[in-house]
Structures are given as structure tokens and as C-alpha cells.
Amino acid sequence: MLKTSHRTFAAALAVLATAALTSCGSDSEPAAGGTVTLTFMTGSDQSTVDTSKALANAFMKANPTIKIEMENQPGGSEGDNVVKTRLSTGEMTDVFWYNSGSLLQALNPAQTLVDLTGDPVLANVQPDYLPVVTQQNKVYGVPATTLTGGGILYNRKVYEQLKLEVPKTWAEFMANNDKIKAAGITPVIGTFKDTWTSQLFVLADFHNVQAAVPNFAQDYTAGKVKYATTPAAQGGFQHLADVHAKGYLQKGFGSATLDQGLKMLVEGKGAHYPMLSGLLPPLLATYPQTATDVGLFGVPGTDAAKNGATVWEPPAIYIARTTEKLDAAKKFLAFVASPAGTEAVTAAVQPSGPYRIKGSKLPENALQVAKDLQAYIDQGATTPALEFLSPIKGPSLEQITVAVGSGLTPAAEGAAQYDKDVEKQAKQLGLAGW
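What you are looking at is a predicted structure, and each value in this text was computed from that prediction instead of being measured.

Trainee: Please clarify how the overall build of the protein chain should be interpreted in this entry.
Mentor: Tallying secondary structure elements over the protein chain gives 17 helices and 13 strands in all. Each of the three principal axes of the protein chain carries a C-alpha extent, and together these read 70 × 50 × 35 Å. Considering only contacts within the protein chain whose residues lie at least 6 apart along the sequence, 78% involve residues at least 24 apart. For the protein chain, the accessible surface area stands at approximately 17,100 Å², while carbon and sulfur atoms represent 51% of it.

Trainee: What exactly am I supposed to notice about the pairing of strand E12 (residues 316-319) here?
Mentor: Alternating residues of E12 divide into Ala 316 and Tyr 318 and Ile 317 and Ile 319, and every residue in both groups is buried. Pairing of strand E3 (residues 95-98) with E12 involves four bridges; the strand directions are antiparallel. Note that in E12 the partner of Phe 96 across the bridge is Tyr 318.

Trainee: Quick question: what am I supposed to make of the sheet that holds strand E2 (residues 66-72) here?
Mentor: For sheets, the rule is that strands pair by backbone hydrogen bonds, running either parallel or antiparallel. Read from one edge to the other, the open sheet built from five strands follows the order E2-E1-E3-E12-E6, with strand pairing classed as mixed. Pairing within the sheet leaves two strands with one partner each, and these edge strands are E2 and strand E6 (141-143). The average undirected angle you get between the axes of adjacent strands in this sheet is 25°. Direction of pairing for strand E1 (residues 36-42) relative to E3: parallel, over a ladder of two bridges. If you follow Phe 40 over to E3, its bridge partner there is Val 95. Across the sheet, helix H13 (residues 326-336) lies against E1, E2, E3, E6 and E12, angled at about 165° from E12, the strand it touches most.

Trainee: What exactly am I supposed to notice about the environment of Thr 51 here?
Mentor: Among the secondary structure elements, Thr 51 is positioned in helix H2 (residues 46-62). For Thr 51, a relative accessible area of 2% translates into the label buried. Sequence-wise, Thr 51 and Val 345 are 294 residues apart; in three dimensions their C-alpha atoms are separated by 5.5 Å.

Trainee: Explanation requested: the nonpolar core in the structure shown.
Mentor: Inside soluble globular proteins, nonpolar side chains tend to come together where they are buried. Residues Phe 96, Tyr 227, Phe 237, Ile 317 and Phe 332 are the most contacted members of the largest nonpolar core, which totals 124 residues. Here this core takes six residues from H13, the largest share from any one element. With sequence-adjacent residues up to four places away left out, Ile 317 is seen in contact with Phe 40, Leu 55, Val 95, Phe 96, Trp 97, Tyr 140, Gly 141, Val 142, Ala 144, Leu 333 and Val 336.

Trainee: Would you take a moment to explain the confidence of the model for the protein chain for this structure?
Mentor: Parts of the prediction with low pLDDT should not have their coordinates interpreted in detail. The predicted model of the protein chain averages 91 in pLDDT, with 92% of residues at 70 or higher. This stretch, residues 1-8, has a pLDDT under 50; its non-local contacts, to residues over four places away or in other chains, come to 42 contacts.

Trainee: Looking at this structure, I do not really get the packing of aromatic side chains. What am I missing?
Mentor: Centre distance and the angle of the planes are the two values used to describe a pair of aromatic rings. Enumeration according to the criterion identifies 17 aromatic pairs in this entry. On the basis of an interplanar angle of 35° and a centroid distance of 5.6 Å, the ring pair of Phe 96 and Tyr 318 is categorised as tilted. Here Tyr 318 lies in strand E12 and Phe 96 lies in strand E3, a separation of 222 residues in the sequence. In this structure Tyr 318 comes out as buried when scored by relative accessible area, which is 0%. Arranged with centres 4.9 Å apart and planes meeting at 45°, the rings of Trp 170 and Phe 173 form a pair that is tilted. Residue Trp 170 and its partner Phe 173 are both found in helix H6 (residues 170-182); the two are separated by three residues, about one turn of the helix. The residues Trp 170 and Phe 173 share a single accessibility class, namely buried. Members of the aromatic cluster, joined through ring pairs, are Tyr 154, Tyr 159, Trp 170, Phe 173, Phe 201 and Phe 297.

Trainee: Help me out: how do you make sense of unusual backbone geometry in this one?
Mentor: Excluding glycine, residues mostly carry a negative phi; peptide bonds, for their part, are mostly trans. At Gln 136, a position not held by glycine, the phi torsion is positive, near 50°. Note that Gln 136 resides in the loop between strand E4 (134-135) and strand E5 (138-139). Note on Gln 136: relative accessible area 71%, which makes it exposed. Even without being a glycine, Lys 163 presents a positive backbone phi close to 55°. In this structure, Lys 163 sits in the loop between helix H5 (156-161) and H6.

Trainee: Honestly, the pairing of E1 in this entry has me stumped. Any pointers?
Mentor: A regular strand places its side chains so that they alternate between the two faces of the sheet. Of all seven residues in E1, seven are buried; the element is thus mostly enclosed. The alternating pattern of E1 places Val 36, Leu 38, Phe 40 and Thr 42 on one face and Thr 37, Thr 39 and Met 41 on the opposite face, and all of these are buried. Inspection of the sheet shows E1 paired to E2 by seven bridges, in the parallel sense. What sits directly across from Thr 39, in E2, is Glu 69. Chirality of the crossover, the property in question, places the unit of E1, H2 and E2 among those that are right-handed.

Trainee: Just to check I follow, could you spell out the packing of helix H10 (residues 231-245) against helix H17 (residues 411-428) for this structure?
Mentor: For any two helices packed against each other, the geometry is given by the interaxial angle and the distance between the axes. Where H10 contacts H17, the axes come no closer than 8 Å and their chain directions differ by 135°. With respect to H17, the axis of H10 lies oblique. For H10 against H17, the interelement crossing comes out right-handed. Residues Gln 234, Phe 237, Gln 238 and Ala 241 of H10 pack against Ala 411, Ala 412, Gly 414, Ala 415 and Tyr 418 of H17. Of the residues contributing to the contact of H10 with H17, the split by class is six nonpolar, three polar and no charged.

Trainee: Which parts of the structure should I look at to understand the environment of Gln 105?
Mentor: Within the element layout of this structure, Gln 105 appears in the loop between E3 and helix H4 (109-112). Relative accessible area serves as the criterion here: at 40%, Gln 105 is assigned to the partly exposed category. In sequence terms Gln 105 and Tyr 248 are 143 residues apart; their C-alpha atoms lie 41 Å from each other. If we skip the residues at most four places from it in the chain, Gln 105 touches Gln 135 and Pro 391.

Reading the values: rules and limits
Residues numbered from 1 in each chain as written. Predicted model: local features only at pLDDT ≥ 70, side-chain atom pairs only at ≥ 80, totals over all residues. Heavy atoms only, no water. Helix = DSSP H or I, 4+ residues; strand = E, 2+ residues; numbered from the N terminus. Contact = heavy atoms within 4.5 Å. Areas by Shrake-Rupley, 256 points an atom, 1.4 Å probe, with all protein chains shown as cover. Buried < 20%, exposed > 50% of the residue type's maximum accessible area, 1.4 Å probe, protein only. Pairing = 2+ DSSP bridges. Axes fitted to C-alpha atoms, helices over the stretch in contact; angles between N-to-C directions. Core = buried A, V, L, I, M, F, W, Y, C linked by side-chain atoms within 4.5 Å. pLDDT = per-residue confidence, 0-100. Phe/Tyr/Trp six-rings, centres within 6.5 Å; stacked < 30°, edge-to-face > 60°. Right-handed = clockwise from strand over helix to strand, strands pointing away. Parallel < 35°, antiparallel > 145°, perpendicular 65-115°, else oblique. Left-handed = near helix turned anticlockwise from the far one by under 90°. Nonpolar A, V, L, I, M, F, W, Y, C, P; charged D, E, K, R; others polar.

Here it is as C-alpha cells:
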């Protein structure tokens, strides 16, 4: 995910997606008329806890013969290790919440998870989601919550005041920045004290990379293409350099924090903030105008006709292969992946993006960023972030992007540095072609 070798971006997205519950039971599937207890392990951040409880409670209400006991796992790498250890020792809960995308392969799903390929459980899952829960052509999970958009959060009041239109090309974006700067407003917010936030111009630019080089993710994983030698891929580093060179960042961007950046954006002191949509809901209590005043557009590329957005797909809920309650577990996953399941979540947690479930609709009072993301999905103009398509994420990217975004390292040099960083990790993973 964004930050250190998936982890810190994962931690940032943890605020959007991991869940909670309490301990295991191992009684077998009951006789007709009996009660079965499903165990469910998830993360521990508040949003995921609330999401998981909403799903479990609504499911139990609709299925009174099935009880769900929930268990919290720790956050970050510690929680990751708990999942892997319990799967490998056969002690996993019946169902559990975990990342989708390339991190799934680390669970050895063919040996540890129930294969759902072709199962009615998946009937309501949007086809665009299935690749991120698929390994070796087998599907293993259902989306646990909404997707998150990565791109440019922008203050709609500033746009209205200056009569600006949402840009579809990088040239249009830079022209907007000129007008914003002339009006005495910070065009682009930088928060490099929280170093992971410096990566968005690179990571959220992947929709444009794939539009220009459709096989980039596959060839990148195989060591056949590099950032420094692929102009479209180097574009994200160039964006960082361009914004700094034009003086669009606020004074003190190097010591500014994520919280300060979000506050600047909501208050209209800054117009644009390269960031994730899922970080907005916690602001609603203090800044209710966040719901309407902040929008999102994808990082603009060179071709307006291919304009779109990079998205971070929802984490998934999986069934452990060791479960003795497969029928009940499948019933639960089918509920999670249904409009009834998403309605239960919406009642508990304000959605910051669309669901990946057919028939699910955003509420009228959904955040504007969620509506903006829905528009991209309706147009078929989204691409999963590279981390969902490739296991390679160099651990030093955030330090490199801080240097490029601060004018200390040229864009081409930053891209070359990242290629070296990635090479080390690919060799550690034992990937072919490196």
C-alpha cells in the first residue's frame, strides 16, 4: 500500500479497512434446527470494527440460527503475522478479514483458503473486483467494504470562487494552479513530515501508466520494464518535480503533517491535496462541510480521452480451509456481498467510496468524494493501484518522493533510485527475471 513496503500505506488504509471480533469455536456444522457458531477475525481500527459489527449483527438478525463470535487481531505487520501463522497451523477462525491484491499470495491461498470460483457467493460481486481476490485463476474472497480513491482531493468552494473546471490533463491542472496561486491560495498542499503522503503523485498516477502501457504491471513484476526507462511511469516523479519547481506548495511543506494538510484543504487555505479519499470520514465530526466541500479527481495525465482514477480496492473476507462450518460461512460471505450487507454497513459507517457490489447504491448524503468515485466507476475509468497487481513495492519510495518533491533530486534520478530499491526487494522475494 502506500508506505513502507506496503506497510505504512497499509497503515493509512488501515484507518479505512481492518476489523474486530472475539474468539474461536470449533463445533461442527449442527444438525437441522441447531445453532452454529462462526468465528470471525478482523483488524482493530475503529472503522473496521464498526463495519464488521454492522455486518455480523445484521447477518445474525437475518439468520437467527447462526451466531458470529468476533476476534480482534493487532494492526500492521504483527496482525499480518498472526493471520499467516494461524493459517499455517490450522488454527484460523472460520472467516477472516485480510488484504486483497498482491499481498494475498503470501497466504498460499490454494492450500489455506476455500476456493469460491463459480460459487453463488460471488453472484453480486462486480467483475472488476474479482482480479484482486484471485490467485492462479481461483477466486477466494468478497469485498468487505468500499473502495478508496487515490488522486487529488480539491476544495470545491475554491473552484467555484475562481470559476475553475476539474482538469482532465496535467496541463489543465497546472493552469488551474496558476490561477489559484494568483488568488493568494496555496495551489498544492504538501505534508512531507508524514513522509508516506509524498507518494501519492506517483502511486495514484498508475491509471495513466496502465493506459499508456497496458502490460506494465506484468512486465514490471517480471523485471522487463523500469520506471526510469518508461516515460509514462516516470510521469509521477515528474509531477512532484513540476509542482515544486512552480512554487505551488505552501511554506513549511517539509514539516507539515497529514492532519494539518487535511485541515488546510477543508478550510480552503489550500486547493489541492494529493491524497486518499478514505481519510476524510473522521473529519466530519469537526468539519461537517467535508461532506460537500471536498471532491476528488484522478491525477490528470496527457490524454483527456483516457482520463480516469487509480483506486485502492476493498480488503476482503475469506473462508479458512480448515472451517467445519462451510455452509454457514458461505451464507455469511453471500450476505457481506449483497445489497443488504452494504446497507447495514452504510447505516453504521459513512461510505467514503462506492461498494463493489451489484445493486448497492450510495446514500443521498454520501460524501462528495464517494460520488466522484462512483462517476469514474460508471464510466469504466478506474485502475487498481499497482500494489494490487504486483507484489513489488520498494521500501524507500517515500524517502525518494520527499527528495524529488522538495527539489533535491531530479525526477529522472528519483525514478532510477526507485528502480534500484525495487530490484533489491524483487530479489528478496525470489521473483523470476531479476
